[in-house]
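Residue-level structure breakdown
Chain residues, written in single-letter form:
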Amino acid sequence: MIRYQITSHNPGTHYFSVQIQIETPNPDGQCLRLPNWIPGSYMIRDFAKNLITLEAFCGDEKLSITQLDKSNWQVAPCAQALRVEYRVYAKDLSVRGAHLDHTHGYYNGTSVFLEVLGQSDLPCEVLIEKPVTDTNKKWALATTLKPIDAEAFGFGLYGAEDYDDLIDHPVEMGEFGKIHFEACGVPHDIILSGVYRCDEKRLAQDLKSICEHHIQFFGEPAPIDRYLFLVMVVGDGYGGLEHRSSTSLMCSRDSLPQPGQKDVSEAYRTFLGLCSHEYFHTWNVKRIKPVAYQPYALQQEVYSELLWAFEGITSYYDDLALIRCGLIDENSYLELLAQTMTRVQRGLGRTRQSVAESSFNTWTKFYQQDENAQNTIVSYYAKGALIALCIDIKMRELSDSKISLDQVMRNLWQAWCDTGAGVEVDTIQRLVCSLLDADLDDFMHQLISTTAELPLDEIMSVVGIDVFRRPAANQKDKGGKSPNGPPPNVELGAFLKEREGCLEILRVEEGGAAQMAGLSAGDTIVAVNSLRQTLAQIEQQLKLAQAGEQWTIHAFRRDELHRFELKLIPAQRHTIELIPGRKNRQNRRAWLKGATKP
Ligand SMILES: [Zn+2]
């Protein structure tokens, strides 16, 4: 048994104090280490940078510690129980790290708990103590760690099966809101931290529908005996991270359903999609996972070509679940799907990188995007979701609506329940082919491992939907619905942001008008055709302009003023709307309901 203790003497200083009691340390000197990344977020984050004042004691004797590398330490030999003490600076308000101030505390175990090497399989106990200052008297605690000696939502003693379990149950502490509901008999709680207003009854009802949908999708019983949504509500923020029986979410205040609000706002729809996404991960990636993640090696990058399946398939079903459980209607769902198509089509990166490559290189590309990302990489979330769509509808087409991707997921789940084995690079392809008793190897290979355009027209026609392509109406146009009035015939090939009376170029499209004129990301446009212009004015002029027209642009690069001659080029038709027709209505209905024929 490894015993951890974590507290804070003064949350306002942002430090957690941690103690570890190791009963039988390695007689040659105990090694300790902290993860360099957190599962689900594929980037080296070097959590050890926030660890300070590491000390070790053998009884009353202070031991020397040798640092082996950035996140590994070796303590001098100790013949009896070893005590380790350190502090962790916690000021990362994200779902991936640790944060502590006078308003609340939050941490992932990957940020605060050193692993005791050689004893990682031992059960752990963690005593989570309430901070001792006056302002924290009303604080409660929320975590899915197993309580050993702690009241519901109380500080106290918690347990974990092993180190891997210990770091997969984030902890929130503070004066938070609690909403309880049951889904298929399993208790669920939503924890809301921060300043917010919310129609709690509606949120509970809607999340209950989503959770029950996913549990029934994979089949009862659910692989959890309770579940927590830990939601940090902020002015402007978005993010989520999946765990085995909880999820940490960050959302903006306006994305929660407001008291009296009846409709599903775009922001609330996005939030429901995020909750649905993370909950689906309870099966897809937290249990069914690539062989490479069994177990996670948290010291360095772990490569997988399969994130398109674990993030993409999850992204496909997150929104699909919203229509399947009646929270949004067909128009709303098709709008979301068209926006995903638009996101993929707009980036030239789709012609440069397959989703398998995007998955493999997530560490240095998807998670480290710069101003040129749209030209060079493709999102394994967005394109992965469309690949899932293509596979799903293709399977329905070839089987006369008897078999779908739903069965593939259920089979993967059953296989995990039976053997716990990881998913190989070709497991999903093999499963699709064997369920259909057909050879879809080429079709799947093309989708996953090449940069060929997705067969969206052909696939959508199977469910009676036309894929309509048009130019973007303006910068805010995400696709999915008709613009007010006809869109422009020409485009700048640059994404602009208004700043201090000027227009900053955030990114340029490769081969676009702006890049051909010599403009680049970071330039600040001060005049177009000798006039200072707002973004709205430029967008209005684009609507009236014709291809071939010349614009003179004055822009600062660093502190030097330059003049550029820009020739407008025809707008690309990469903005998508999905238009349901009269044909194949039954197929469409079955797909959107998740129904298959017996
Ligand atoms: Zn995800």
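Described below are features of the structure shown in this document. The model shown is predicted, which means the values in this text are computed figures rather than measured ones.

1. Some details on helix α16 (residues 585-593)
For α16, every residue scored as buried is listed here: R588, A590, W591 and L592. Check the buried side of α16 and you find it contacts α5 (307-324), α6 (330-346), α9 (382-398), α13 (456-462), β22 (465-470) and β30 (575-580). Phi turns positive one or two residues past the end of α16, at G594, with a value near 80°.

2. Here's the deal with the sheet that holds strand β16 (residues 171-174)
Spatially, the four strands line up as an open sheet ordered β9-β10-β16-β13, and their pairing is antiparallel. Two strands bound the open sheet, and with one partner strand each, they are β9 (98-100) and β13 (140-142). Going across the sheet, the axis of each strand differs from the next one's by a mean of 15°, ignoring polarity.

3. Quick word on the state of the cysteines
Across all of its chains, the model carries one disulfide by this definition. Here C58 connects covalently by a disulfide to C78, the sulfurs 2.3 Å from one another. Of note, the bridge from C58 to C78 carries an S-S torsion of about 85° and is right-handed in sense. Within this pair, whereas C58 is found in strand β4 (residues 51-58), its partner C78 is found in the loop between β7 (72-75) and β8 (82-89), the two being separated by 20 residues in sequence. The pair formed by C58 and C78 is uniform in burial state, with each residue classed as buried. C211 supplies the cysteine sulfur nearest to C184, a cysteine that is in no disulfide, at a spacing of 8.9 Å. We note that C390 lacks a disulfide partner, and the nearest cysteine sulfur, in C433, lies 15 Å from it.

4. Things to note about the coordination of the zinc ion
The protein atoms that coordinate the zinc ion are H277 (NE2), H281 (NE2) and E311 (OE), at distances spanning 2.0 to 2.1 Å. Here the donor residues of the zinc ion share one chain and are spaced in sequence as H-x3-H-x29-E. Here H277 falls in the buried class, since its relative accessible area comes to 7%.

5. Concerning α9
Taking 1.5 Å of rise per residue, 17 residues should cover 24 Å, and α9 covers 24 Å from first to last C-alpha, within 8% of that figure. Among the 17 residues of α9, 15 are classified as buried, and the element is accordingly described as predominantly covered. At the exit of α9 stands D400, carrying a positive phi of roughly 55°.

6. Concerning the side chain of R396
Mapped onto the elements, R396 comes out in helix α9. With sequence-adjacent residues up to four places away left out, R396 is seen in contact with R324, S401, I403, S404, D406, A590, W591, G594, A595 and T596.

7. Notes on the nonpolar core
With 158 residues, the main nonpolar core has I128, F229, W308, M460 and W591 as its most contacted residues. One finds I505, L519, L542 and A545 within the second-largest nonpolar core, a separate group that totals 23 residues.

8. Remarks on the environment of S246
Mapped onto the elements of the fold, S246 is located in strand β21 (residues 246-252). Taking relative accessible area as the criterion, S246 reaches 1% and is therefore assigned buried. Not counting the four nearest positions on each side in its chain, S246 is found in contact with T144, P170, Y227 and L228.

9. Considerations on the pattern of salt bridges
For the structure shown, the criterion picks out 34 salt bridges. The residue K402 makes a salt bridge to D400 at a minimum N-O spacing of 3.9 Å. The exposure class assigned to D400 is partly exposed, which follows from its relative accessible area of 44%. Across the pair E577 and R470 runs a salt bridge whose closest N-O atoms are separated by 2.5 Å. Of the two residues, E577 is situated in strand β30 and R470 in strand β22; the sequence distance between them amounts to 107 residues. Taken together, the shared-partner salt bridges connect D164, D165, D168, R244 and K286 into one network.

10. Points about the sheet that holds strand β5 (residues 61-63)
Strand order in this open sheet of eight strands is β5-β4-β8-β2-β1-β12-β15-β14, and the pairing throughout is mixed. Strands with a single pairing partner mark the edges of an open sheet, and in this sheet they are β5 and β14 (146-150). Sheet twist, expressed as the average angle between the axes of neighbouring strands with direction ignored, equals 25°.

11. Quick notes on the packing of aromatic side chains
Counted according to the given criterion, the structure contains 30 aromatic pairs. Ring geometry for F218 against F280: centres 5.1 Å apart, planes inclined by 50°, an arrangement best described as tilted. A residue pair is termed long-range when its members are at least 10 positions apart, and F218 in helix α3 (residues 200-218) and F280 in helix α4 (residues 266-280) qualify at 62 residues. The class of F280 is buried, set by a relative accessible area of 0%. Counting every residue linked through ring pairs, the aromatic cluster contains F217, F218, Y227, F229, Y279, F280, W283, Y316, Y317, W413 and W416. Its guanidinium or amino end placed over the ring of F153, K178 lies 4.7 Å from that ring's centre, counting from NZ or CZ.

12. Some details on unusual backbone geometry
Residue P221 is reached from E220 by a cis peptide bond, and omega for that bond is 0°. Mapped onto the elements of the fold, P221 is located in the loop between α3 and β19 (227-234). In this model, Q294 is joined to P295 through a cis peptide bond whose omega is -10°. Tracing the backbone through its elements, the reader meets P295 in the loop between α4 and α5. In this structure, H14 is a non-glycine residue whose phi angle is positive, near 70°. As for its placement among the helices and strands, H14 is situated in the loop between β1 (2-7) and β2 (15-22). If you check the backbone angles, N584 has positive phi at about 50° while not being a glycine. Among the secondary structure elements, N584 is positioned in the loop between β30 and α16.

13. A few points about a positive patch on the surface
Where like charges cluster on the molecular surface, the positive patch consists of R582, R585, R589 and K593. Relative to the helices and strands, R585 is located in helix α16.

14. Focus on the pairing of β16
Here β16 shows two buried faces, one formed by V171 and M173 and the other by E172 and G174. Of the strand pairs in this sheet, β13 and β16 are connected by three bridges, and their pairing is antiparallel. Of the residues in β16, the one forming a bridge with A140 is G174.

The rules behind each value
Residues numbered from 1 in each chain as written. Predicted model: local features only at pLDDT ≥ 70, side-chain atom pairs only at ≥ 80, totals over all residues. Heavy atoms only, no water. Buried < 20%, exposed > 50% of the residue type's maximum accessible area, 1.4 Å probe, protein only. Helix = DSSP H or I, 4+ residues; strand = E, 2+ residues; numbered from the N terminus. Contact = heavy atoms within 4.5 Å. Pairing = 2+ DSSP bridges. Axes fitted to C-alpha atoms, helices over the stretch in contact; angles between N-to-C directions. Disulfide = S-S within 2.5 Å. Donors = N, O, S within 2.8 Å, 3.2 Å for Na, K, Ca; no water. Expected span 1.5 Å × (residues − 1). Core = buried A, V, L, I, M, F, W, Y, C linked by side-chain atoms within 4.5 Å. Salt bridge = Lys/Arg side-chain N within 4 Å of Asp/Glu carboxyl O. Phe/Tyr/Trp six-rings, centres within 6.5 Å; stacked < 30°, edge-to-face > 60°. Lys NZ or Arg CZ within 6 Å of the ring centre and 35° of its normal. Patch = residues over 30% accessible without salt bridge, like charges linked within 9 Å, V, L, I, M, F, W, Y side chains within 5 Å. Areas by Shrake-Rupley, 256 points an atom, 1.4 Å probe, with all protein chains shown as cover. Lys, Arg positive; Asp, Glu negative; His and termini not counted. Charge placed at Lys NZ, Arg CZ, Asp CG, Glu CD.

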